[in-house]
Amino acid sequence: MFKSDTFKNKVVLVTGGRSGIGFQIAKDFLTLGAKVVICSRKEDKLKIAAEALARYGELSYQACDIRKTENIQSLAVMIKEKYNRLDILVNNAGGQFPALAEYINDKGWSAVINNNLNGTFSMTREMANTFFIPQKHGVIVNITAEVYRGFPGMAHTGAARAGVENLTKTLAQEWSDFNIRINCVSPGIIESSGLQQYPQQIQDMFEEAEKAIPLKRFGKVEDVSNAVTFLASPMAAYITGISLFVDGAQHLGFDKMGLANVLKSFM
């Protein structure tokens, strides 16, 4: 569908680009001609990812904790000094942990909200003010999660991701005067390195969940990346303010209590 030069001369920032979905997104933009910047919190692991990605095209990286405004500002300075422009921002960085709502304390709630919602807003605002608004063009793609019918077992991230989706609709309208398009990609359960962090009981639950997804499989990182590159491309030039589900129809028919029920069994 794409030409090898679809994103030629475009500069793309992918947050959380060192592994999983973010790594695949960075790789695909590179193979389609873009110059890519990746960031994540841990510089040692980020460097390893950058070395692997550099074989596909021009790749830069910088450690950045999206919860810290000064880190984001430093990243913007680096991009401006090196490229003097930014065309596409992919907000992929985020994190959460499984927990029933009654056991999420203030620290845990704040950590996830600060990362997934506040960090996304801070990154978006800084890159818009530094690049997109002065340039009068830009594309933003936010990676959220399939939270259409809530997110039992992860109320904190469900609330944060829903906040990002509403923010996306708001900014699509506010920033249309600046020719900035902003959309969400909302993945269901994706086979990536992130699944390996969960306890065995939850991984066993995932095996059963796979059978209940209408398309009878989990998504692949490529499925998410394909949606991102489409929404960032000229082919989506008249699309803004949407959330695109990449979930095998999971949001339409799927028992969402699986994770919560496993967590209840631990009690």
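These figures come from a predicted structure and were not determined experimentally.

Parameters at a glance
Residues numbered from 1 in each chain as written. Predicted model: local features only at pLDDT ≥ 70, side-chain atom pairs only at ≥ 80, totals over all residues. Heavy atoms only, no water. Helix = DSSP H or I, 4+ residues; strand = E, 2+ residues; numbered from the N terminus. Rg over C-alpha atoms; globule rule 2.2 N^0.38 Å. Buried < 20%, exposed > 50% of the residue type's maximum accessible area, 1.4 Å probe, protein only. Contact = heavy atoms within 4.5 Å. Areas by Shrake-Rupley, 256 points an atom, 1.4 Å probe, with all protein chains shown as cover. Lys, Arg positive; Asp, Glu negative; His and termini not counted. Charge placed at Lys NZ, Arg CZ, Asp CG, Glu CD. Pairing = 2+ DSSP bridges. Axes fitted to C-alpha atoms, helices over the stretch in contact; angles between N-to-C directions. Salt bridge = Lys/Arg side-chain N within 4 Å of Asp/Glu carboxyl O. Left-handed = near helix turned anticlockwise from the far one by under 90°. Nonpolar A, V, L, I, M, F, W, Y, C, P; charged D, E, K, R; others polar.

Novice: Go over the overall build of the protein chain with me, naming the residues and quoting the values.
Specialist: A tally of helices and strands in the protein chain yields eight helices and nine strands. Its C-alpha atoms give the protein chain a radius of gyration of 18 Å, within 12% of the compact-globule value 18 Å for 267 residues. Projected onto its principal axes, the C-alpha coordinates of the protein chain cover approximately 55 × 40 × 40 Å. For the protein chain, with 267 residues in total, the buried portion stands at 50%. Contacts spanning at least 24 positions in sequence make up 75% of the contacts within the protein chain whose residues lie at least 6 apart. Carbon and sulfur atoms provide 51% of the accessible area of the protein chain, an area that totals close to 12500 Å². Separation between the mean location of the 29 positive side-chain charges and that of the 26 negative ones in the protein chain comes to 4 Å.

Novice: How would you summarise the sheet that holds strand β1 (residues 11-15) if you had to cite specific residues and measurements?
Specialist: Through backbone hydrogen bonds, the strands of a sheet pair up, either in parallel or in antiparallel fashion. Taken in spatial order, the seven strands of this open sheet run β3-β2-β1-β4-β5-β6-β9, and their pairing is parallel. Looking along the sheet, the strands with just one partner apiece sit at the ends: β3 (59-61) and β9 (243-246). Each strand of the sheet is rotated relative to its neighbour by a mean of 20 degrees, with strand direction disregarded. Of the pairings in the sheet, the one linking β1 to strand β4 (residues 88-91) comprises three bridges and is parallel in character. Residue pairing in the sheet places Val14 in a bridge with Val90 of β4. Of the strands in this sheet, β2 (35-39) and β3 touch helix α2 (residues 43-53), which is tilted by about 175 degrees from β3.

Novice: Now, about the pattern of salt bridges: what can you tell me, with residues and values included?
Specialist: Inspection of the entire model under this criterion finds five salt bridges. With its nearest N and O atoms 4.0 Å apart, the salt bridge here joins Glu191 to Lys220. Of this pair, Glu191 sits in strand β7 (residues 190-191) while Lys220 sits in strand β8 (residues 219-220), placing them 29 residues apart in sequence. Overall, the relative accessible area of 39% leaves Glu191 in the partly exposed class. Note on Lys220: relative accessible area 41%, which makes it partly exposed. In this structure, Asp223 engages Arg217 in a salt bridge whose closest nitrogen and oxygen atoms are separated by 3.1 Å. Judged by relative accessible area, Asp223 falls into the partly exposed class, the value being 23%.

Novice: Help me get a handle on the packing of helix α6 (residues 200-212) against helix α8 (residues 258-265), residues and values and all.
Specialist: Two elements in contact, α6 and α8, have axes separated by 10 Å at closest approach and are oriented at 145 degrees. Between α6 and α8 the crossing geometry is right-handed. Of the residues in α8, those touching α6 at Gln201, Ile202 and Met205 are Gly258, Leu259, Val262 and Leu263. Classifying every residue of the contact of α6 with α8 by side-chain character gives five nonpolar, two polar and no charged.

Novice: Outline the packing of helix α3 (residues 69-83) against helix α4 (residues 106-135), supporting the account with residue identities and numerical values.
Specialist: The interhelical angle for the contact between α3 and α4, taken along N-to-C directions, is 35 degrees, at an axis separation of 10 Å. Crossing geometry of α3 relative to α4 is assigned as right-handed. The segment α3 lies against α4, with Thr69, Ile72, Gln73, Leu75, Ala76, Ile79 and Lys80 engaging Gly119, Ser122, Met123, Arg125, Glu126, Met127, Thr130 and Phe131. Within the contact of α3 with α4, the residues separate by chemical class into seven nonpolar, five polar and three charged.

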